[in-house]
Amino acid sequence: MMEKTLVIIKPDAVSKNLIGEIISRFERNGLRVAALKKIKMTKDEAKGFYIVHKERPFYESLTDFMSEGPIVVMVLEGENAIQKVRKIMGATNPAQAEEGTIRRDFAENIERNAVHGSDSAQSAAYEIPYFFSTLEIL
Ligand code: GDP
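The notes below deal with the structure included here. What you see is a predicted model; the values in this text were computed from it and never measured. (Residues numbered from 1 in each chain as written. Predicted model: local features only at pLDDT ≥ 70, side-chain atom pairs only at ≥ 80, totals over all residues. Heavy atoms only, no water.)

Thoughts on the layout of surface pockets
Estimates place the volume of the largest pocket at around 610 Å³. If you go around the largest pocket, you meet 24 residues; those closest to its centre are Tyr50, His53, Phe58, Leu62 and His116. Looking at the lining of the largest pocket residue by residue, the classes come out as nine nonpolar, eight polar and seven charged. (1 Å grid on protein atoms, 1.4 Å probe; cavity = no way out; pocket = protein on both sides within 12 Å on 5 of 7 lines; lining within 4 Å. Points joined across faces, edges and corners; volume = space filled by probe spheres on them. Nonpolar A, V, L, I, M, F, W, Y, C, P; charged D, E, K, R; others polar.)

Some thoughts on unusual backbone geometry
Phi angles above zero are rare outside glycine, and Asn17 is one such case at about 65°. Structurally, Asn17 is set in the loop between α1 (11-15) and α2 (19-28). The backbone phi angle of Asn80 is positive, close to 50°, even though this residue is not glycine. Inspection of the secondary structure assignment puts Asn80 in the loop between β3 (71-79) and α5 (81-89). (Helix = DSSP H or I, 4+ residues; strand = E, 2+ residues; numbered from the N terminus.)

With respect to the site of the ligand
In the neighbourhood of the ligand, the contacting residues comprise Lys10, His53, Phe58, Leu62, Arg86, Thr92, Arg103, Ile110, Glu111 and Asn113. In this structure, Arg103 approaches the ligand through a side-chain N or O atom, which is 3.1 Å from an oxygen atom. At a separation of 2.8 Å, an oxygen atom of the ligand approaches a polar backbone atom of Glu111. Coverage of the ligand by the protein amounts to 80% of the 550 Å² it exposes when considered alone. (Near = heavy atom within 4 Å. Polar contact = N/O pair within 3.5 Å; in protein donor to acceptor, adjacent residues only side chain to side chain. Areas by Shrake-Rupley, 256 points an atom, 1.4 Å probe, with all protein chains shown as cover.)

Re the environment of Gly30
With respect to the secondary-structure elements, Gly30 resides in the loop between α2 and β2 (32-39). In this structure Gly30 comes out as exposed when scored by relative accessible area, which is 53%. (Buried < 20%, exposed > 50% of the residue type's maximum accessible area, 1.4 Å probe, protein only.)

Describing a nonpolar patch on the surface
On the surface, Ile51, Val52 and Tyr126 cluster together into a nonpolar patch covering about 300 Å² of accessible area. Following the sequence through the fold, Ile51 ends up in the loop between α3 (43-49) and α4 (59-66). (Patch = residues over 30% accessible without salt bridge, like charges linked within 9 Å, V, L, I, M, F, W, Y side chains within 5 Å. Salt bridge = Lys/Arg side-chain N within 4 Å of Asp/Glu carboxyl O.)

Some remarks on the packing of aromatic side chains
Counted under the stated rule, the structure contains five aromatic pairs. For the ring pair Phe49 and Phe131, a centre distance of 5.4 Å and an interplane angle of 45° mean the geometry is tilted. Linking Phe49 in helix α3 with Phe131 in helix α7 (residues 121-131), this pair joins segments that are 82 residues apart in sequence. Both residues of the pair, Phe49 and Phe131, count as buried. The interplanar angle of 80° and the centroid separation of 5.3 Å between the aromatic rings of Tyr130 and Phe131 together place this pair among those described as edge-to-face. (Phe/Tyr/Trp six-rings, centres within 6.5 Å; stacked < 30°, edge-to-face > 60°.)

Listed below in structure tokens is the structure:
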């Protein structure tokens, strides 16, 4: 099934100059960039993006981190894009991420873990329009 998913290169990875390396890994795996931009979220924008986690103990820390510096947000398209991206990213905790995954190679810890990818079609349907209008997705 052709799908679209929302991917974020998080502030830790952007600050380490890893934008190109991370996008290349997705492209090499057959995903196509349908939309792309570099932005910096405010604290409130980060809280809105991660609203599903508002009761979690790491919500404050996570949203501080996600608003500390620039991020790259993109829509990737491909066959089973949602699951494919999750596999290329690796587990949330880099200590548990498989070899060759982005998080295994570049994450600092469970929070500063380099990338975000929508975890379901329902999440993608919230996350893509959070950053992109229809006219920006090609
Ligand atoms: P993901 O779908 O793999 O990104 O993981 P989750 O949806 O569970 O969590 C969202 C984000 O919150 C993660 O990517 C991490 O940046 C952060 N996070 C998750 N679990 C923890 C945790 O136990 N502690 C802290 N500090 N951050 C976490």
